[in-house]
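Per-entry structural report
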Amino acid sequence: MTRYPDIPRPIRSGIVVVDPDHGTPQRVIVLQFNPDTLERGIAPQSAGDGGDAGGGGTGSGDRNEALRLKGPAQETWKFTAEIDATDQLEIAAPDGIHPQLAVLEMLVQPTTAQLRAATRLSQKGSIEISPIEMPLTLFTWGSKRVMPVRLTELSVNESAFDVHLNPIRASLSIGMKILTVSDLPAGHRGADLYLAHLAQKERLAAAARGGGPGAPGLGGAGLLTGRG
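Residues numbered from 1 in each chain as written. Predicted model: local features only at pLDDT ≥ 70, side-chain atom pairs only at ≥ 80, totals over all residues. Heavy atoms only, no water.

1. Let's talk about the overall build of the protein
Per the secondary structure count, the protein includes 4 helices and 7 strands. Along the protein, helices and strands appear, N-terminal first, in the series β-β-β-β-α-α-β-β-β-α-α. Across the 228 residues in the protein, those meeting the buried criterion constitute 26%. Partitioning the intrachain contacts of the protein with sequence separation of at least 6 by distance along the chain shows that 61% fall at a separation of at least 24. (Helix = DSSP H or I, 4+ residues; strand = E, 2+ residues; numbered from the N terminus. Buried < 20%, exposed > 50% of the residue type's maximum accessible area, 1.4 Å probe, protein only. Contact = heavy atoms within 4.5 Å.)

Right under this line is the structure:
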């Protein structure tokens, strides 16, 4: 029985491994503690990245492309996650937090079966062996942020061990790239999930309160028409 029943339980962020063909979750990894901070980088895919081509500028870009986008912005996330077996003493942990670390590490590792299959193909003289495809991975941060991702960084700092040298506490630096329609083939379930994520952003942007032109000092119509 909780001591404060009126306080809602926080939603946990997590990683979901999805079967791209059927859309069914294969594994759900719930972060033990929600990270305190998130670092997000958003880089637009601008068509006119070459710079200014005239007016005394030094760039070589096409000025006709200055306001054009080649595709969705490239977005990256970074955060630090904590895993602590001592915070879950009611759960038996004969291997410490090895299982939790292993499941995260397998997000960036092919399986032994996949490696052996690739080896068999090479031994049969296959000229070209396709790179191993990993399952579709989603990152969830509440109901308004569910997006397909690829892990780009996983750094583990183990800081405590039991008598068998199993790690029982660790800090993980996790970096990921949001996969967009520019990264995935047409019709891929991950591309559809990205479009749903982008549509959610559009809904949130539409709900934002706007200000009048006078607030930023644009009271005169000439300032916006270039005639001021």
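2. Quick look at the pattern of salt bridges
On inspection of all chains with the given rule, the structure shows 4 salt bridges. With a shortest N-O distance of 3.9 Å, E65 and R68 are connected by a salt bridge. Close ionic contact of D84 with R169 constitutes a salt bridge, the shortest N to O distance being 3.5 Å. Placement of the pair is D84 in strand β4 (residues 69–84) and R169 in strand β7 (residues 167–178), with a sequence separation of 85 residues. (Salt bridge = Lys/Arg side-chain N within 4 Å of Asp/Glu carboxyl O.)

3. Focus: the pairing of strand β1 (residues 14–18)
The element β1 is largely enclosed, with a buried count of 5 among its 5 residues. Neither face of β1 is left uncovered, since the one carrying G14, V16 and V18 and the one carrying I15 and V17 both have all their residues buried. Direction of pairing for β1 relative to strand β2 (residues 25–30): antiparallel, over a ladder of 5 bridges. When the bridges of β2 are listed, V16 appears paired with V28. Hairpin connection from β1 to β2: 6 residues lie between these consecutive antiparallel strands, with G23 at a positive phi of about 75°. (Pairing = 2+ DSSP bridges.)

4. A short note on helix α3 (residues 189–207)
For α3, spanning 19 residues, the distance from its first C-alpha to its last is 28 Å, which sits close to the expected 27 Å at 1.5 Å a residue. Elements that come into contact with the buried residues of α3 comprise β4, β5 (136–140), β6 (146–161) and β7. (Expected span 1.5 Å × (residues − 1).)

5. Here's the deal with the side chain of H197
With respect to the secondary-structure elements, H197 resides in helix α3. Take H197: its relative accessible area is 6%, and that puts it in the buried class. If we skip the residues at most four places from it in the chain, H197 touches K144, R145, V146 and M147.

6. Description of the confidence of the model for the protein
Residues at a pLDDT of 70 or more form 82% of the protein, whose mean pLDDT is 84. Looking over the protein, one finds the lowest element-wise mean pLDDT in helix α4 (residues 221–225), namely 63, and the highest in β7, namely 95. (pLDDT = per-residue confidence, 0-100.)

7. Focus: the packing of aromatic side chains
Using the criterion set out here, one finds 3 aromatic pairs in the structure. Chaining the aromatic ring pairs together yields one cluster made of W77, F79, F139 and W141. (Phe/Tyr/Trp six-rings, centres within 6.5 Å; stacked < 30°, edge-to-face > 60°.)

8. Side note on the pairing of β4
Along a regular strand, successive side chains alternate from one face of the sheet to the other. Across 7 bridges, strand β3 (residues 39–46) lies against β4 in antiparallel orientation. Its bridge partner lying in β4, R40 is registered against W77. In terms of strand pairing, β4 meets β7 through 9 bridges, oriented antiparallel. Bridge pairing links D84 to R169 in β7.

9. Points about helix α2 (residues 112–123)
Under the 1.5 Å per step criterion, the end-to-end length of α2 is 16 Å for 12 residues, consistent within 8% with the ideal 16 Å. Residue G125 follows α2 closely and has a positive phi angle near 90°.

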